[in-house]
Amino acid sequence: MRIYTDEIINAVCLHMAERRGVSPTDVEVQLSWEEQYGYTAEVWVKGRSQFLIEANLLEAIEQYLLKQYNLRKYRSQITLDADEEFWADIED
């Protein structure tokens, strides 16, 4: 299974909204890849900025897969990649 940028962003929005007790529409996400840090995201919740590292992104995707697809996957089964856009490959 593979999910793309939009679903990864949705996963992060839903995850951060749940953790912060806000609506998912109050969360903005910008994904990035940097050689020094790997996959990261800058997240704004009601105007406050926070950076997430790859482990945080994998956690958000893991929870998203469970809640949206009823799939129990672990971080070790999720691989992030990017070219023109971001995607996550999920092992069966």
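Here, the structure is the one placed above.
Notes on the structure follow. (Residues numbered from 1 in each chain as written. Predicted model: local features only at pLDDT ≥ 70, side-chain atom pairs only at ≥ 80, totals over all residues. Heavy atoms only, no water.)

As a further point, take helix H1 (residues 5-20). The first and last C-alpha atoms of H1 sit 22 Å apart over 16 residues, in line with the 22 Å expected at 1.5 Å per residue. The set of residues buried in H1 consists of Thr5, Ile8, Ala11, Val12, Cys13, His15, Met16 and Ala17. Directly beyond the C-terminal end of H1, a positive phi value near 70 degrees is found at Gly21. (Helix = DSSP H or I, 4+ residues; strand = E, 2+ residues; numbered from the N terminus. Expected span 1.5 Å × (residues − 1). Buried < 20%, exposed > 50% of the residue type's maximum accessible area, 1.4 Å probe, protein only.)

This paragraph deals with the sheet that holds strand S3 (residues 38-45). The 3 strands are arranged S2-S3-S4 in an open sheet whose pairing can be described as antiparallel. Strands at the two margins of the open sheet, each flanked by one partner only, are strand S2 (27-34) and strand S4 (48-52). Looking at each pair of strands side by side, their axes are set apart by 20 degrees on average, direction ignored. Pairing analysis gives 5 bridges linking S3 to S4, with the strands arranged antiparallel. (Pairing = 2+ DSSP bridges. Axes fitted to C-alpha atoms, helices over the stretch in contact; angles between N-to-C directions.)

In this sheet, strand S6 (residues 86-90) lies alongside strand S5 (residues 78-82) in antiparallel orientation, the contact comprising 5 bridges. By the bridge assignment, Ala82 is partnered in S6 with Phe86. Where S5 hands over to S6, the hairpin turn is made up of 3 residues, counted between the paired strands.

Another point: the packing of H1 against helix H2 (residues 54-69). At a minimum axis distance of 8 Å, the contact between H1 and H2 shows a crossing angle of 95 degrees. One element, H1, and the other, H2, form an angle in the roughly perpendicular class. On H2, the residues touching Glu7, Ile8, Asn10, Ala11, Val12, Leu14, His15, Glu18 and Arg19 of H1 are Leu57, Glu59, Ala60, Ile61, Gln63, Tyr64, Lys67, Gln68 and Tyr69. Residue composition of the contact of H1 with H2, by class: 9 nonpolar, 4 polar and 5 charged. (Parallel < 35°, antiparallel > 145°, perpendicular 65-115°, else oblique. Contact = heavy atoms within 4.5 Å. Nonpolar A, V, L, I, M, F, W, Y, C, P; charged D, E, K, R; others polar.)

Before going further, it helps to examine empty space enclosed by the protein. One way to see where empty space is left: roll a probe the size of a water molecule over the atoms. Under the definition given, this model contains 1 cavity of 30 Å³ or more. Of the pockets and cavities examined, the largest cavity occupies roughly 60 Å³. Around the largest cavity, the lining residues are Ile8, Leu31, Ser32, Tyr39, Thr40, Leu57, Leu80, Asp81, Phe86 and Trp87. Within the residue set of the lining of the largest cavity, elements represented by two or more residues are S2, S3, S5 and S6. Of the residues in the lining of the largest cavity, the class split is 7 nonpolar, 2 polar and 1 charged. (1 Å grid on protein atoms, 1.4 Å probe; cavity = no way out; pocket = protein on both sides within 12 Å on 5 of 7 lines; lining within 4 Å. Points joined across faces, edges and corners; volume = space filled by probe spheres on them.)

Worth remembering: the numbers are spatial, not functional.
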